[in-house]
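Structural overview for review
Below are the chains, spelled out letter by letter.
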Amino acid sequence: MVAVMGLISIILFTLLIKSKLNPRELLFARAVIFTVEEINKNPTLLNGVTLGYRLYNGCGSQSLISHLSTCACLSDKRIYPTFFRTVPSDQFQITALVQLMKHFGWQWVGIIKSAEVYASDGVAEFIKQGKNEGICVEYVIFYGRSNTKIEHKVIEQLKASTSSVVLLFMSLSYTRELFKKVDGNKLPRKQWIGSEAWISQVDLASLGSKNILHGAMGFALPQSIIPGLLEFILSLKLSDEPESVMIKAFWEGFFDCSFTPSNTTNLCTGDEDLRTITSAYTNTELRSVRNVYTAVYSIAHAINAILQCENGLNPTTGKHCVSKTDVQPKQV
């Protein structure tokens, strides 16, 4: 039996954001484990080879397969020669948004964007493509997290504007923050167009922005159910990862309890049932989960192709291939 560790290609997650636990990223990490186990049970893929994995909290420098990074800048192979992804580049999204506005005759629009490369590059490309299609931009509001007067700025700009369409190009975290700060009841009626990062997040309506988002349009990733994943996600027990400080921290957050005796918090037992909670971790219908699943399978198929190499030649195509005994990460 041959063991092939995940160091060949790494899928990275950010389990902590600003020292706060991120349940969605735990879902992605567990989806990797589920997929690896599924692949290892498949006798027709990597037969005789056991696929392993290592999960990292943060960024690395080895070959990467991303399930969420959509920035068109990452398509430049001169700069990112070993970067791959299972999610479309924003180039396609921008083209679709421009054509959507052209279809409805929306040629006078406003834009609200966040302080990140995703939004800056996306908006710049939208303005460029939009200009070619006769779409003009009335204003661009720049939203930074440190801007304490953003609510007043957004409300006043939208009230004073003559355009009826607003493109909100932000990542999900920025969008949540914005809708928490801005009172939707004070905003004039507009047609909102959203970027893929947040347009399909129905829970945003619970932030008091339901009247804002009514009728909002945009393009989203396809949604699909992965058989067996939900059961796997919900079956997690603390005993599965007894040494994991991270899992314990998530557990305390999920069940509002503590493993340290306290007068203000219930004591965790470790036997709590994940079926009783509602969390981003238990949302296996999240569209980007499929991208994680596909990313792991792409690694497995790449390794499988390498393992077919015999005497430096692929027996199927007859082309030269890499010896299975001398595989480098970038070659996968």
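Residues numbered from 1 in each chain as written. Predicted model: local features only at pLDDT ≥ 70, side-chain atom pairs only at ≥ 80, totals over all residues. Heavy atoms only, no water.

1. A few points about the overall build of the protein
Across its full length, the protein carries nine helices and 15 strands. Counting all 332 residues of the protein, 43% fall into the buried class. Sequence separation of 24 or more characterises 70% of the internal contacts of the protein that already satisfy a separation of 6 or more. Roughly 17700 Å² of accessible area belongs to the protein as shown, and the carbon and sulfur atoms make up 54% of that amount. (Helix = DSSP H or I, 4+ residues; strand = E, 2+ residues; numbered from the N terminus. Buried < 20%, exposed > 50% of the residue type's maximum accessible area, 1.4 Å probe, protein only. Contact = heavy atoms within 4.5 Å. Areas by Shrake-Rupley, 256 points an atom, 1.4 Å probe, with all protein chains shown as cover.)

2. Overview of the packing of aromatic side chains
For any pair of aromatic rings, the description consists of the separation of the ring centres together with the inter-plane angle of the planes. Per the counting criterion, the structure on display carries nine aromatic pairs. The structure contains a cluster of three or more aromatic residues connected by ring pairs, namely Phe 250, Phe 254 and Tyr 281. Over the ring of Phe 84 we find Lys 77; its NZ or CZ atom is 4.1 Å from the centre of that ring. (Phe/Tyr/Trp six-rings, centres within 6.5 Å; stacked < 30°, edge-to-face > 60°. Lys NZ or Arg CZ within 6 Å of the ring centre and 35° of its normal.)

3. Some points on the state of the cysteines
Note: disulfide means a covalent bond formed between the sulfur atoms of two cysteine side chains. Applying the stated criterion across every chain yields a total of two disulfides. Each sulfur in the disulfide pair Cys 71 and Cys 73 lies 2.4 Å from the other. Across the S-S bond linking Cys 71 and Cys 73, the dihedral sits near 130°, which makes this disulfide right-handed. Of the residues examined, Cys 73 reaches a relative accessible area of 31% and is grouped as partly exposed. Note on cysteine connectivity: Cys 257 is disulfide-linked to Cys 268, with sulfurs 1.9 Å apart. Since a negative S-S torsion denotes a left-handed disulfide, the Cys 257-Cys 268 link at about 95° is right-handed. Taken together, the residues Cys 257 in strand β14 (residues 257-258) and Cys 268 in the loop between β15 (266-267) and α9 (289-307) connect sequence positions 11 residues apart. (Disulfide = S-S within 2.5 Å.)

4. As for the confidence of the model for the protein
A low pLDDT means the predicted coordinates there should not be read in detail. Across the protein, pLDDT averages 84, with 88% of residues at or above 70. Every residue in residues 1-12 is under pLDDT 50, and counting partners more than four places away or in other chains gives 47 contacts. (pLDDT = per-residue confidence, 0-100.)

5. Examining the side chain of Arg 85
Along the chain, Arg 85 falls in strand β8 (residues 83-85). Lacking a salt bridge, the buried Arg 85 has Asp 90 as its closest oppositely charged neighbour, with an N-O distance of 6.6 Å. Separated by 2.9 Å, the side chain of Arg 85 and the backbone oxygen of Cys 71 make a polar contact. A distance of 2.6 Å separates polar atoms of two side chains, one belonging to Arg 85 and the other to Ser 75. With residues up to four places along the chain from it excluded, the contact list for Arg 85 reads Ile 65, Ser 66, Ser 69, Thr 70, Cys 71, Ala 72, Leu 74 and Ser 75. (Lys, Arg positive; Asp, Glu negative; His and termini not counted. Salt bridge = Lys/Arg side-chain N within 4 Å of Asp/Glu carboxyl O. Polar contact = N/O pair within 3.5 Å; in protein donor to acceptor, adjacent residues only side chain to side chain.)

6. Concerning the nonpolar core
Of all hydrophobic cores here, the largest spans 41 residues; its most connected members are Ile 39, Leu 46, Leu 51, Phe 254, Leu 274, Tyr 281 and Val 289. Secondary structure elements with two or more residues in this core: α1 (23-40), β5 (49-51), α7 (229-234), α8 (245-255) and α9. Counting 23 residues, the second largest nonpolar core, distinct from the first, contains Ile 150, Val 182, Trp 192 and Trp 198. (Core = buried A, V, L, I, M, F, W, Y, C linked by side-chain atoms within 4.5 Å.)

7. Re the sheet that holds strand β9 (residues 108-114)
Reading across the sheet, the five strands line up as β10-β9-β11-β12-β13 and stay open at both edges, with parallel pairing between neighbours. Where the open sheet ends on each side, the last strands, each with one partner, are β10 (136-143) and β13 (217-218). Bridge count for strand β11 (residues 165-169) against strand β12 (residues 191-194) is four bridges, and the pairing is parallel. Bridge pairing in β12 links Leu 167 to Ile 193. Most of the contacts of helix α5 (residues 172-181) go to β10, to which it runs at about 90°, and overall it touches β9, β10 and β11. (Pairing = 2+ DSSP bridges. Axes fitted to C-alpha atoms, helices over the stretch in contact; angles between N-to-C directions.)

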